[in-house]
Amino acid sequence: MGRSRVSNNFRPHFRPDGHFDSAAAHKPILVLENVMKVFRADAPVLRGVDLTIERGEFVFVTGPSGAGKSTLLKLIYKAETVDDGRILFCGRDIARLTEDSVPHLRRNIGVVFQDFRLVPYWTVFENVAVALQVMGLPPRVIRSRVAVALERVGLDGRGDEKVSVLSGGEQQRVTIARAIVTEPAVVLADEPTGNLDPVLALDILGLFEEINEGGTTVIFATHDRTLLEVSPRRLVVIDDGRCIEARAGLAGLGGVLDHGISIN
Amino acid sequence: MFERALKGLRQQLGTQMMSVATVALALFCMAGALLVLENAGAMVRRWGAPVKVTVFLAEGATVDQVDSLRRALAALPEVEEARYVSAAEARQSLGAGGDRTVATAPVELFPATIELRLVPSAVSAERVASVATRVRRIPMVAEVETYRGFTERLRGLLVGGRAAAGVIALGVLLCVFAVVSNTVRMSLAARLREIEVLRLVGATRSYIRGPFLIEGAMLGGAGALVAVILLGVVFAMVRVQYEVSLGAVLGLHPVFLPWTVLASLVLGGSMLGALGSAAALRRGLQS
Ligand SMILES: Nc1ncnc2c1ncn2[C@@H]1O[C@H](COP(=O)(O)OP(=O)(O)O)[C@@H](O)[C@H]1O
Ligand SMILES: [Mg+2]
């Protein structure tokens, strides 16, 4: 699979004044400090998450269903807002970003979901190109960059097909292409293999690992134990509203996962 | 942005056409009311100002008497011109329409008159009335016609017409707003997934809203344009009918709405459409 360039170039687009902060390049890409998120007062979802993720890392986030994995990712791409604490993206607090800056933040973050979130009546090309179109890039540039992204996910030459006729695995590849076509600093994946059979799940995991080898930071939320077992990566468990490092891998987790993690 | 709006319009072409037709019908009613009002206004301007007084002469007045009366009337400050119209001239001018019964009727049926043209700036209805009273006292004068009743009726009609047109306009504007707003809400609902994706990949608020605002403006503007064209066609047809019958007798020619009014209709239609769309977006794009 061809990879034409290393894509760890973070462009702090989310600063409306366009000022480039050179110090940002040396800071961890993501720092969560004492992050709280409460939907219902009697059952806070996140109660003081501390987490530091370095540039170029591949991190699994796991925990039982309902632990708050999706919530954590939503806070990072600002689909939800923290109730307390800070989220530093390249050293900048995005927890209280103004409404106008959110789109600029999102152009630096690729997101992949379990349920794909593609526009069914658009073609593969259109579904990927949209991420560049909102940035106002010229069509010629968009065409060539979409072609590169489709090639990276193994869909070269399939741009003209309607996504609604593709298989689940192929649809997920389209969303991955959409997530990486902007060469974002971070890719967030929220149970991206949840709708796929085990073999396809491993393929998709491999794809994310390749993306990570290109320099992109990947945060991969899953409760699929098989994936955690085959891939010896940094593992963060959300338990009782806090993040716990499981550096020793699954074995070091003890009983934390036993009540929630299913084995596909 | 425009391309994306057109793409959206094509997606629900049937609905959009229906909505343009509804907007057009509503605006047609309003523009029709305006057109009627415009012509009524022209009629009032033509007939309504007290610029003409007809003095009917008593039978048996001599030529000398009539002439001295005419000069005395012409000397009044309110009067610009006083012209003697003999019975024969009256018959001729009334028969000019081609009506043979008038042209061949006995000349005694037509009264001799002195037609007064008043100074337009100087005459209020009260002064015309006082002139009429003074002239009526002169023995040679049989009757003085100031056309006042007619004038007042016309003015009353015009005031009522304006009020009615105002009510129609208000209803029509509300209707256009509601129709466009509902149409845009439907196309919003049909494209929720698209909007979700746009948000996810970092589209700005204006990038997302723009095509819908354009869609609303195009619906309103297209509706107004269709209404104006329709009104033009109807007007042309009615005018042909009118010219051969009433037009010649009344000496009035129907006028179409001035182009400034037409342009404001189309512009206003698109602005109202954009407003309706903005309202739909306010309600539909929350979260
Ligand atoms: N928008 C919301 N409103 C209320 N409760 C929510 C909302 N989003 C998530 N939750 C709750 O927060 C908890 C964590 O959800 P989620 O982050 O989706 O868990 P996970 O992804 O780990 O399965 C759940 O109990 C869920 O019901
Ligand atoms: Mg989840």
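The structure we're discussing is the one just above.
Just so we're clear, the structure is a prediction, and the values are computed from it rather than from any experiment.

Definitions and limits used
Residues numbered from 1 in each chain as written. Chains lettered and ligands numbered in written order. Predicted model: local features only at pLDDT ≥ 70, side-chain atom pairs only at ≥ 80, totals over all residues. Heavy atoms only, no water. Axes fitted to C-alpha atoms, helices over the stretch in contact; angles between N-to-C directions. Helix = DSSP H or I, 4+ residues; strand = E, 2+ residues; numbered from the N terminus. Parallel < 35°, antiparallel > 145°, perpendicular 65-115°, else oblique. Left-handed = near helix turned anticlockwise from the far one by under 90°. Contact = heavy atoms within 4.5 Å. Nonpolar A, V, L, I, M, F, W, Y, C, P; charged D, E, K, R; others polar. Buried < 20%, exposed > 50% of the residue type's maximum accessible area, 1.4 Å probe, protein only. Near = heavy atom within 4 Å. Polar contact = N/O pair within 3.5 Å; in protein donor to acceptor, adjacent residues only side chain to side chain. Areas by Shrake-Rupley, 256 points an atom, 1.4 Å probe, with all protein chains shown as cover.

**Observations regarding the packing of helix α7 (residues 148–190) of chain B against helix α10 (residues 259–284) of chain B**
What describes two packed helices is the angle between their axes and the distance between those same axes. All names here are of chain B. Where α7 meets α10, the closest approach of the two axes is 7 Å, and the angle between their N-to-C directions is 45°. In terms of axis orientation, α7 runs oblique to α10. Where α7 crosses over α10, the two elements pack in a sense that is right-handed. Between α7 and α10, the contacting residues are Leu173, Val176, Phe177, Val180, Ser181, Val184, Arg185 and Leu188 on the first element and Leu272, Gly273, Leu275, Gly276, Ser277, Ala279, Ala280, Leu281, Arg283 and Gly284 on the second. Taken together, the residues that form the contact of α7 with α10 break down as 11 nonpolar, five polar and two charged.

**Here's the deal with the side chain of B:Thr113**
Residue and element names in this part refer to chain B. Relative to the assigned elements, Thr113 resides in strand β3 (residues 113–118). For Thr113, a relative accessible area of 5% puts it in the buried group. Once residues lying within four places of it in the same chain are set aside, the contact partners of Thr113 are Thr54, Val55, Phe56, Leu57, Arg83, Tyr84 and Val85.

**Section: helix α1 (residues 69–76) of chain A**
All names here are of chain A. With six of eight residues buried, α1 lies mostly within the body of the structure. Within the span of α1, buried status applies to Lys69, Thr71, Leu72, Leu73, Leu75 and Ile76. Where α1 terminates, the next one or two residues include Lys78, which has phi positive at roughly 65°.

**A short note on unusual backbone geometry**
Note: most peptide bonds trans; most residues except glycine with negative phi. Residues and elements named next belong to chain A. Non-glycine residue Lys78 carries a positive phi angle of around 65°. Secondary-structure assignment places Lys78 in the loop between α1 and β4 (84–89). At Glu183, a position not held by glycine, the phi torsion is positive, near 50°. Here Glu183 is to be found in the loop between α5 (168–180) and β7 (186–190).

**Focus on the environment of A:Phe113**
Turning to its location among the elements, A:Phe113 is positioned in strand β6 (residues 109–113). When the C-alpha atoms of A:Phe113 and A:Pro192 are compared, they prove to be 5.2 Å apart, with 79 residues separating the residues in sequence. Setting aside residues up to four positions removed in sequence, A:Phe113 forms contacts with A:Tyr77, A:Gln172, A:Asp190, A:Glu191, A:Pro192 and B:Leu200.

**Quick look at the site of ligand 1**
Residue and element names in this part refer to chain A. In the vicinity of ligand 1, the contacting residues are Phe39, Val45, Pro64, Ser65, Gly66, Ala67, Gly68, Lys69, Ser70, Thr71 and Glu80. Ser70 is positioned such that a nitrogen or oxygen atom in its side chain is 2.7 Å from an oxygen atom of ligand 1. A distance of 2.5 Å is found between an oxygen atom of ligand 1 and a side-chain nitrogen or oxygen belonging to Thr71. With the chains in place, 59% of the 560 Å² that ligand 1 exposes on its own is no longer accessible. Classifying every residue of the shell around ligand 1 by side-chain character gives four nonpolar, five polar and two charged.

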